[in-house]
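# Notes for the structure review
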Amino acid sequence: MAIYLTAVIESKTAHRDEVRATLLNMVTESRKEPACLQYDLYQDENNPNVFVFQEIWESREGLDAHNAQPYIQAFGASLEKLETNPQIYLTQPLDRA
């Protein structure tokens, strides 16, 4: 079963450009993963410190493999550049049976 994930990340203003570059690298690398069906990054128009990922993974195992990747682990080690911890939502679409 596919895994749908939304992640909301808010950087500190002083680190916004660095966080943005890191997140864009995560997009590039994540899209190479076999279990990645969708990995899109958005930036809030009203607050440029807020970034939102919309992700779809082939399976829980694929998401777990993604979370073990070095570039994901490196991001997790740099949480001091964020205002708060990332908000992660695992969801399922309501319009699909």
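An account of the accompanying structure is given in this report. Owing to the predicted nature of the structure, the values given are computational and were not obtained by experimental measurement.

This part is about the overall build of the chain. Scanning the chain from terminus to terminus reveals three helices and four strands. What you see in the chain, going N to C, is helices and strands ordered as β-α-β-β-α-α-β. Taken over C-alpha atoms, the radius of gyration comes to 13 Å for the chain, in line with the 13 Å a tight globule of 97 residues would show. Considered along the principal axes of its C-alpha atoms, the chain spans approximately 45 × 30 × 20 Å. Within the chain, buried positions represent 35% of all 97 residues. The contacts of the chain with a sequence gap of at least 6 include a subset with a gap of at least 24, amounting to 69%.

Here seven bridges tie strand 2 (residues 36-43) to strand 3 (residues 50-57), and the two strands are oriented antiparallel to one another. Opposite cysteine 36, over in strand 3, you have tryptophan 57 as the bridge partner.

This brings us to the packing of aromatic side chains. The geometry of an aromatic ring pair comes down to the distance between the two centres and the angle between the two planes. What the rule picks out here adds up to two aromatic pairs. For the ring pair tyrosine 39 and tryptophan 57, a centre distance of 6.0 Å and an interplane angle of 75° mean the geometry is edge-to-face. Highlighted residues: tyrosine 39 in strand 2 and tryptophan 57 in strand 3, separated in sequence by 18 residues. Look at tryptophan 57 and you get buried, because its relative accessible area is 0%. Of the aromatic side chains, those joined through ring pairs into one cluster are Tyr39, Phe53 and Trp57.

Turning next to helix 1 (residues 16-30). Under the 1.5 Å per step criterion, the end-to-end length of helix 1 is 21 Å for 15 residues, consistent within 8% with the ideal 21 Å. Inspection of helix 1 places Val19, Leu23, Met26, Val27 and Ser30 among the buried residues, and these make up the whole buried set. Down the axis of helix 1, the buried set is contained in an arc of 100°. They therefore lie on one face. Looking at the buried residues of helix 1, the elements they touch are strand 1 (3-10), strand 2, strand 3, helix 2 (60-67) and helix 3 (70-76).

Okay, the layout of surface pockets next. Considering only enclosed or pocket space, the largest pocket measures out at about 280 Å³ in volume. For the largest pocket, the lining is made up of 16 residues, of which Met26, Asn67, Ile72, Phe75 and Ile88 are closest to its centre. Among the elements of the structure, strand 1, strand 3, helix 2 and helix 3 are those that each provide at least two residues to the lining of the largest pocket. For the lining of the largest pocket, the element with the highest residue contribution is helix 3, accounting for four residues. When the residues that make up the lining of the largest pocket are grouped by side-chain class, the tally is eleven nonpolar, four polar and one charged.

Cut-offs applied
- Residues numbered from 1 in each chain as written.
- Predicted model: local features only at pLDDT ≥ 70, side-chain atom pairs only at ≥ 80, totals over all residues.
- Heavy atoms only, no water.
- Helix = DSSP H or I, 4+ residues; strand = E, 2+ residues; numbered from the N terminus.
- Rg over C-alpha atoms; globule rule 2.2 N^0.38 Å.
- Buried < 20%, exposed > 50% of the residue type's maximum accessible area, 1.4 Å probe, protein only.
- Contact = heavy atoms within 4.5 Å.
- Pairing = 2+ DSSP bridges.
- Phe/Tyr/Trp six-rings, centres within 6.5 Å; stacked < 30°, edge-to-face > 60°.
- Expected span 1.5 Å × (residues − 1).
- Arc of directions from axis to C-beta.
- 1 Å grid on protein atoms, 1.4 Å probe; cavity = no way out; pocket = protein on both sides within 12 Å on 5 of 7 lines; lining within 4 Å.
- Points joined across faces, edges and corners; volume = space filled by probe spheres on them.
- Nonpolar A, V, L, I, M, F, W, Y, C, P; charged D, E, K, R; others polar.

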